[in-house]
Amino acid sequence: MNKVIEAKNLTKIYGKKAAAFTALKNINLSIYEGESVAIVGKSGSGKSTLMHILALLDRPTKGEILIDGKNASKLKNKELNKLRNERFGFVFQQFFMNANDTVLENVLLPLKIAKLGRKKRKKEALEALKIVDLESKVKNKATDLSGGQKQRVCIARAIVNQPQVIFADEPTGNLDSATGDKITDLLFDLNKKHGVTLIIVTHDEDLAKLCNRVVRISDGKIISDQTVRKDLKKAASKKRETEAARVKKANERK
Amino acid sequence: MKLFDLIKTANHNLFRSKTRTFLTILAVFIGSFTIILSNAINSGVNDFIDKQVATIGGDSFIEVFPSAMYDQVAGMMGGGNTSKVKEYNENTGGFMGANISNEDLEKMRKVDGVENLEIFHMLSTEYMRLEGADKKYDVSVEYFPEGNFNVDLSAGRMTSNDSGEGEIIINEDWLKPFGLDSAKDALGKTVEVAVKQTAKCYVTPNNCIASAKAKIVGVQAPGVLTMDGDLHINQILDNKLYSLSMENVPESSVQNYIAVGNVDPAKMDKIREEFKKIGYDFITVSDAVSMIRTFFDAILVVFNIFGGIALLAAAIGIINTLFMSVQERTREIGLEKALGMGKGKIFLEFSIEAILLGFWGSALGILISMIIGYSVNAVAHETFLADFPTFELVIFNPLNMTIITLIIMAIAFVAGTLPARKASKKDPINALRYE
Ligand SMILES: Nc1ncnc2c1ncn2[C@@H]1O[C@H](COP(=O)(O)OP(=O)(O)O)[C@@H](O)[C@H]1O
Ligand SMILES: [Mg+2]
């Protein structure tokens, strides 16, 4: 199975000298194509820090990240930006939307950054909004939406660039359980139907159970790493189909 | 992000906090308005001076006098140094200097670039009246060689000597006294111009005025910079009046110390060099009006400094506004960075916002100063400028306005670099953690 992201000997130290705080210690972790990985741990255990480093949003103090076997630490900022823009999707606990923009504008932001043309990006944003069932809210201001709807817009934004991996940091943390379930369904749907690799940071055990792999961390160290179910093959073959579609789309954009 | 999208986004972000943006634009506006309007007025004044200079000969017309007189003449025309006390010199004469000899006149005429040169007759005219009419009016007339020199005419033509008769150009002020309805009606009318015969007056004080006839061939359009407000006549009339006034005056008392003529302006410096060798110097109309120009230019500089100070204050306003904006949009910046937007693009996004503040302020300055400028100009032409139809109080030069706008945009850009740098340096992680 293909390794999408591999972390080798990751150490992250915040601050310097006396104020230095080691948030991650010697983490070794490989994420495989089509997996749904839960990163579970108490608050302050280093989950978000790990996710940020895996997602190339932050650089480790020691150790390296390999993307498709290539060392990401050697990449320039520009290349990292491009990689994130094309391969990754992000969902955050606090949504992070531009409140004054319309739902559509929020969703097509990654494509705008990718310098996609006006018509194409609108078309693809509409498709993404269809998947999260929010076509009717296209023209609404982001502020006018409920929490669940906001998170669905964020998911649409995360999938609009046809990403290989979606990183979700406490995606249901700010939602009631019924709404949270809907969001969870959406994410796992993407994983199962479209073969998108999911990396979910959570302290919610129920959400973690739905993932086929659970990585537990405590005080910056991995204390357990269990692959729960083995239906990855199916997801992986699905993934290959969507990967082919993604490459095709990417070629069309050029 | 594409540049066009960046500009659109920046403009959109700008008008999110409308009041703050408006106030910043207002600050830029105060500076740009001051500079644009004062430049427009300066252009208007200079254009009017140019037009006037052209009517009295432009750069081709020269007034020649002995070198020793330069300071006196230049002083009268608004230059030179009249306060110098000089030792008397028999050869160069007293205050007014020595006469121009025929020999020297011939030498000067032969200098390359000199088109014509004539002794200037200072005529002491008494009056002018329409032929056959009773009413006499004070008048003063002057002859300058026709050449590049042309009068701004509202009717008729320039004088010439081809007709063999005396010719005169009056100005519109004379129409009413002469009982004429329009400039056209004046053409072809004959007038009598009278001079005092100085020598005769010693003998018969009550009978020493003689007159010569002249045909009105043109009517001059109103202006301010006529040569002393004197009416222009042709050489035939000039010679007639001069010989009448100089009848019986001994040769030694004749004062011919000024010559006037036309030259090729391109050869001005060379001509001056040659004239100096012969012992003469000259001033041009441009020399004479340079002082007026200097005065208006100095006013412009003062206003530009005011505008500049206002712009400096506006630049600080831009810095402040954008710092607030960066602070407010920390998360948005973090998100954009997380989604793959580069440092440079973030810097550009905020820089463009700064440039747009400058642009809108400047555009508003152009708009308002045009509205005010043209309105005042229209009112002025109804009232105190009614006599000067060719005087445009304001002239908005597109090139000037473009340059001013670009400079303001550049200032805004420089001001914006500080907040833009701060924005571009934001770490996406910290920005997204920021509560
Ligand atoms: N920028 C930072 N500077 C210093 N300490 C930090 C910084 N970011 C996170 N930390 C610390 O690192 C630890 C792990 O943080 P985080 O990864 O956010 O934990 P989690 O997401 O598991 O709650 C926490 O103790 C937090 O206080
Ligand atoms: Mg966290």
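Overview of the overall build of chain A
Here is step 1 of the chain: Tallying secondary structure elements over chain A gives 8 helices and 10 strands in all.
Here is step 2 of the chain: When its C-alpha atoms are laid out on the principal axes, chain A stretches across 50 × 40 × 40 Å.
Here is step 3 of the chain: For chain A, the proportion of its 254 residues judged to be buried stands at 53%.
Here is step 4 of the chain: Only carbon and sulfur atoms are counted for the fraction: they give 49% of the accessible area of chain A, which is about 12100 Å².
Here is step 5 of the chain: Computed over 51 positive and 30 negative side-chain charges, the separation of the two mean positions in chain A equals 6 Å.

Some remarks on the pattern of salt bridges
Here is step 1 of the chain: Tallied over the full model, the rule gives 28 salt bridges over all chains.
Here is step 2 of the chain: One salt bridge in this structure joins arginine 87 of chain A and aspartate 68 of chain A, with 2.8 Å as the shortest N-O distance. Here arginine 87 of chain A, found in helix α2 (residues 77-87), pairs with aspartate 68 of chain A, found in the loop between β4 (62-67) and β5 (70-71); they are 19 residues apart in sequence, far enough to count as distant.
Here is step 3 of the chain: Taking relative accessible area as the criterion, arginine 87 of chain A reaches 17% and is therefore assigned buried.
Here is step 4 of the chain: A salt bridge links lysine 213 of chain B to glutamate 131 of chain B; its shortest N-O distance comes to 3.2 Å.

A short note on the nonpolar core
Here is step 1 of the chain: By size, the foremost hydrophobic cluster in this structure holds 75 residues, and its most contacted members are Ile5, Leu54, Ile65, Phe88 and Phe167 of chain A.
Here is step 2 of the chain: Of the residues forming this core, the biggest block, 8 residues, is contributed by helix α2 (residues 18-55) of chain B.
Here is step 3 of the chain: Once residues within four sequence positions are removed from consideration, phenylalanine 167 of chain A is found in contact with Ile5, Met51, Leu54, Ala55, Phe88, Gly89, Phe90, Val91 and Ile199 of chain A.
Here is step 4 of the chain: One finds Val107, Ala125, Leu134 and Val160 of chain A within the second-largest nonpolar core, a separate group that totals 41 residues.

Some remarks on the site of ligand 1
Here is step 1 of the chain: Close to ligand 1 lie 13 residues; Gly44, Lys47, Ser48 and Thr49 of chain A together with Arg433 of chain B are nearest.
Here is step 2 of the chain: Nearby residues place ligand 1 at the junction of chains A and B.
Here is step 3 of the chain: At 2.7 Å, a backbone N or O of glycine 44 of chain A approaches an oxygen atom of ligand 1.
Here is step 4 of the chain: In this structure, an oxygen atom belonging to ligand 1 sits 3.1 Å away from a main-chain N or O atom of glycine 46 of chain A.
Here is step 5 of the chain: Expressed as a share of its isolated accessible area of 550 Å², the protein-covered part of ligand 1 is 67%.
Here is step 6 of the chain: Contributing elements (two or more residues each) for the shell around ligand 1: β2 (21-32) and α1 (47-54) of chain A together with α13 (428-433) of chain B.

Here we look at the interface of chain A and chain B
Here is step 1 of the chain: Between chain A and chain B, the residue contacts involve 26 residues of the former and 25 residues of the latter.
Here is step 2 of the chain: Interface area, chain A with chain B, both sides summed: about 2200 Å², of which 57% is carbon and sulfur.
Here is step 3 of the chain: Area buried by chain A at its contact with chain B is led by Phe96, Ile113 and Lys115 of chain A, which between them contribute 26% of it.
Here is step 4 of the chain: On the surface where chain A and chain B come into contact, there are 1 salt bridge.
Here is step 5 of the chain: Put simply, aspartate 5 of chain B and arginine 121 of chain A hold a salt bridge, and the shortest N to O gap is 2.7 Å.
Here is step 6 of the chain: For the interface between chain A and chain B, the tally reads 6 residue pairs in polar contact (both at pLDDT 80 or more).
Here is step 7 of the chain: Of all the elements in the fold, those that place two or more residues in the side of chain A that touches chain B are α1, α2, β6 (88-92), α3 (103-113) and α4 (118-131) of chain A.
Here is step 8 of the chain: With 4 residues, the top contributor of residues to the side of chain A that touches chain B is α3 of chain A.

Focus: the side chain of threonine 172 of chain A
Here is step 1 of the chain: Considering the arrangement of structural elements, one finds threonine 172 of chain A in the loop between β7 (165-169) and α6 (177-194).
Here is step 2 of the chain: Excluding residues that lie within four positions of it along the chain, threonine 172 of chain A makes contacts with Gly180, Ile183, Thr184, Asp204 and Leu207 of chain A.

Observations concerning the sheet that holds β5 of chain A
Residue and element names in this part refer to chain A.
Here is step 1 of the chain: Pairing is antiparallel across the open sheet formed by 4 strands, whose spatial order is β2-β1-β4-β5. At either end of the open sheet lies a strand with only one pairing partner, and these are β2 and β5.
Here is step 2 of the chain: Strand direction decides the pairing type here: β4 and β5, joined by 2 bridges, are antiparallel. Across the sheet, the residue bridging to isoleucine 67 is lysine 70, located in β5.

Some points on a positive patch on the surface
Here is step 1 of the chain: A grouping of Lys78, Lys115 and Arg118 of chain A together with Lys2 and Lys8 of chain B is seen on the molecular surface, where their side chains present a positively charged patch.
Here is step 2 of the chain: In this structure, lysine 2 of chain B sits in the segment before α1 (3-14).

Examining α3 of chain A
Here is step 1 of the chain: Taken across its 11 residues, α3 of chain A has 10 buried, putting it largely inside the fold.
Here is step 2 of the chain: Looking at α3 of chain A, one finds that the buried residues are Val103, Leu104, Asn106, Val107, Leu108, Leu109, Pro110, Leu111, Lys112 and Ile113 of chain A.

Re the confidence of the model for chain B
Here is step 1 of the chain: Looking at chain B as a whole, its pLDDT mean stands at 86, while 89% of the residues score no less than 70.
Here is step 2 of the chain: Element-level pLDDT for chain B is lowest in helix α3 (residues 70-76) of chain B, with a mean of 63, against a maximum mean of 96 in helix α12 (residues 398-424) of chain B.

Remarks on empty space enclosed by the protein
Here is step 1 of the chain: All told, the structure shown has 8 cavities of 30 Å³ or more when counted by the stated rule.
Here is step 2 of the chain: Taken as a whole, the second largest cavity holds about 60 Å³ of empty space.

A look at the domain arrangement of chain B
Here is step 1 of the chain: In terms of domain boundaries, chain B breaks down into domain 1 (3-50 + 292-433) and domain 2 (123-250).
Here is step 2 of the chain: In this structure, domain 1 of chain B and domain 2 of chain B have C-alpha centres spaced 56 Å apart.

Thoughts on the state of the cysteines
Here is step 1 of the chain: For the structure shown, the criterion picks out 1 disulfide over all chains.
Here is step 2 of the chain: One disulfide in the model links cysteine 201 of chain B with cysteine 208 of chain B; its S-S distance is 1.9 Å. Because the sign of the S-S torsion sets the handedness, a value of about 80° for the bond joining cysteine 201 of chain B and cysteine 208 of chain B places this disulfide among the right-handed ones.
Here is step 3 of the chain: Of the residues examined, cysteine 201 of chain B reaches a relative accessible area of 17% and is grouped as buried.
Here is step 4 of the chain: Residue cysteine 208 of chain B is classed as buried on the basis of its relative accessible area of 4%.
Here is step 5 of the chain: You can see cysteine 154 of chain A has no disulfide; the closest cysteine sulfur is in cysteine 211 of chain A, sitting 19 Å from it.
Here is step 6 of the chain: In this structure cysteine 154 of chain A comes out as buried when scored by relative accessible area, which is 1%.

Cut-offs and rules
Residues numbered from 1 in each chain as written. Chains lettered and ligands numbered in written order. Predicted model: local features only at pLDDT ≥ 70, side-chain atom pairs only at ≥ 80, totals over all residues. Heavy atoms only, no water. Helix = DSSP H or I, 4+ residues; strand = E, 2+ residues; numbered from the N terminus. Buried < 20%, exposed > 50% of the residue type's maximum accessible area, 1.4 Å probe, protein only. Areas by Shrake-Rupley, 256 points an atom, 1.4 Å probe, with all protein chains shown as cover. Lys, Arg positive; Asp, Glu negative; His and termini not counted. Charge placed at Lys NZ, Arg CZ, Asp CG, Glu CD. Salt bridge = Lys/Arg side-chain N within 4 Å of Asp/Glu carboxyl O. Core = buried A, V, L, I, M, F, W, Y, C linked by side-chain atoms within 4.5 Å. Contact = heavy atoms within 4.5 Å. Near = heavy atom within 4 Å. Polar contact = N/O pair within 3.5 Å; in protein donor to acceptor, adjacent residues only side chain to side chain. Buried area = accessible area lost by both parts, 1.4 Å probe. Pairing = 2+ DSSP bridges. Patch = residues over 30% accessible without salt bridge, like charges linked within 9 Å, V, L, I, M, F, W, Y side chains within 5 Å. pLDDT = per-residue confidence, 0-100. 1 Å grid on protein atoms, 1.4 Å probe; cavity = no way out; pocket = protein on both sides within 12 Å on 5 of 7 lines; lining within 4 Å. Points joined across faces, edges and corners; volume = space filled by probe spheres on them. Domains from an automatic or database assignment. Disulfide = S-S within 2.5 Å.

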